[in-house]
Amino acid sequence: MSDTSTYTPPKVWTWEQPSGGQFASINRPVSGSTHEKDLPVGKHPLQLYSLATPNGVKVTVMLEELLALGHSGAEYDAWLIRINEGDQFSSGFVGANPNSKIPALVDTSTAPSTRVFESGSILLYLAEKFGEFLPTDPAARAETLNWLFWQMGSAPYLGGGFGHFYAYAPEKFQYPIDRFTMETKRQLDVLDKALAERPYIAGEEYTIADIAIFPWYGALVLGRLYDAAEFLSVGDYKNVVKWAEKIDARPAVARGRKVNRVWGDESDQLAERHDASDLDGNDAVSTAAE
């Protein structure tokens, strides 16, 4: 498949029409709010405004892992932000994240409250706040942060690049699909080679690097992302698959994946989370799997 026409960019780009595709109604070249609406606030110390995309899942998994370790200060309300309906452009959400992207976290246990946006920043903030999933040894900490920031820099090629052109673009063109498929497979190869030498991404311990990478690349090799497992031959990356299956088996991961999810099997959906009992309370405080 190849392009049937050649696009010549104008000297100055102007926004004349929607870009097309699944997110055409919310894509725009300016920032800021489109309507006035305050964010709801619940009873818990942490207020999360999110959706169960890979970036959103990072944070709910982290919070569920912290709760599994007994950190009551990690109790949270998870409010649903429907990005297809433009909830992220409310004045309240823009106040929490001026970039209008989920997830956004507000820590009400501080005075004044602390806003945290960008999923990697939220993971780092929570790891430092509770002293978990981030090694204290300088070398191990650096390696964990290496992989955290690797994920933050690499995932746009997977999501905004491969995922967009393979799954969401209104038309299929070979050049961008080939371009981003090559990069996605290169990234999987990077992970596969690292995981050939260690049980977790950053070493011997489960860290925020695993929590960040799993919802993207773990979901991809488990066949949950873009319906692209066969296309990408994910079975070739045996170490990534083994790692993903191990992470997927953790009870806190299973719980975190459900929060703010409003699609798929009904048993995997929980639009909002305001109490541990919302997530099948009988296992909400079970110990995390090794």
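So, a few notes on the structure that sits alongside this text.

### Let's talk about a nonpolar patch on the surface
On the surface, Tyr7, Trp13 and Trp15 cluster together to form a nonpolar patch covering roughly 440 Å² of accessible area. With respect to the secondary-structure elements, tyrosine 7 resides in the segment before β1 (46-50).

### Some remarks on the packing of aromatic side chains
Counted according to the given criterion, the structure contains 12 aromatic pairs. Plain terms: the ring middles of phenylalanine 133 and tyrosine 206 are 5.6 Å apart, the flat faces sit at 85° to each other, and that makes the pair edge-to-face. With a gap of 73 residues between them, phenylalanine 133 in the loop between α3 (119-130) and α4 (138-168) and tyrosine 206 in the loop between α5 (174-195) and α6 (208-221) connect regions that are remote in the sequence. Across this residue pair, the class does not change: phenylalanine 133 and tyrosine 206 are buried. With a centroid separation of 6.4 Å and 45° between ring planes, the pair formed by tyrosine 157 and phenylalanine 180 is classed as tilted. One end of the pair, tyrosine 157, is in helix α4; the other, phenylalanine 180, is in helix α5, and 23 residues separate them in sequence. Each member of the aromatic cluster is reached from another via a ring pair, and the members are Phe162, Tyr166, Tyr168, Tyr226 and Phe231. A cation over an aromatic ring shows up here: lysine 246 above the ring of tyrosine 200, its NZ or CZ 4.3 Å from the ring centre.

### What to know about unusual backbone geometry
Between isoleucine 102 and the following residue, proline 103, the backbone shows a cis peptide bond with an omega angle of 0°. Tracing the sequence through the fold places proline 103 in the loop between α2 (91-96) and β3 (104-107). A cis amide bond links alanine 111 to the next residue, proline 112, at an omega of 0°. Residue position: proline 112 is located in the loop between β3 and β4 (114-117). The backbone phi angle of tyrosine 226 is positive, close to 65°, even though this residue is not glycine.

What counts, and at which threshold
Residues numbered from 1 in each chain as written. Predicted model: local features only at pLDDT ≥ 70, side-chain atom pairs only at ≥ 80, totals over all residues. Heavy atoms only, no water. Patch = residues over 30% accessible without salt bridge, like charges linked within 9 Å, V, L, I, M, F, W, Y side chains within 5 Å. Areas by Shrake-Rupley, 256 points an atom, 1.4 Å probe, with all protein chains shown as cover. Salt bridge = Lys/Arg side-chain N within 4 Å of Asp/Glu carboxyl O. Helix = DSSP H or I, 4+ residues; strand = E, 2+ residues; numbered from the N terminus. Phe/Tyr/Trp six-rings, centres within 6.5 Å; stacked < 30°, edge-to-face > 60°. Buried < 20%, exposed > 50% of the residue type's maximum accessible area, 1.4 Å probe, protein only. Lys NZ or Arg CZ within 6 Å of the ring centre and 35° of its normal.

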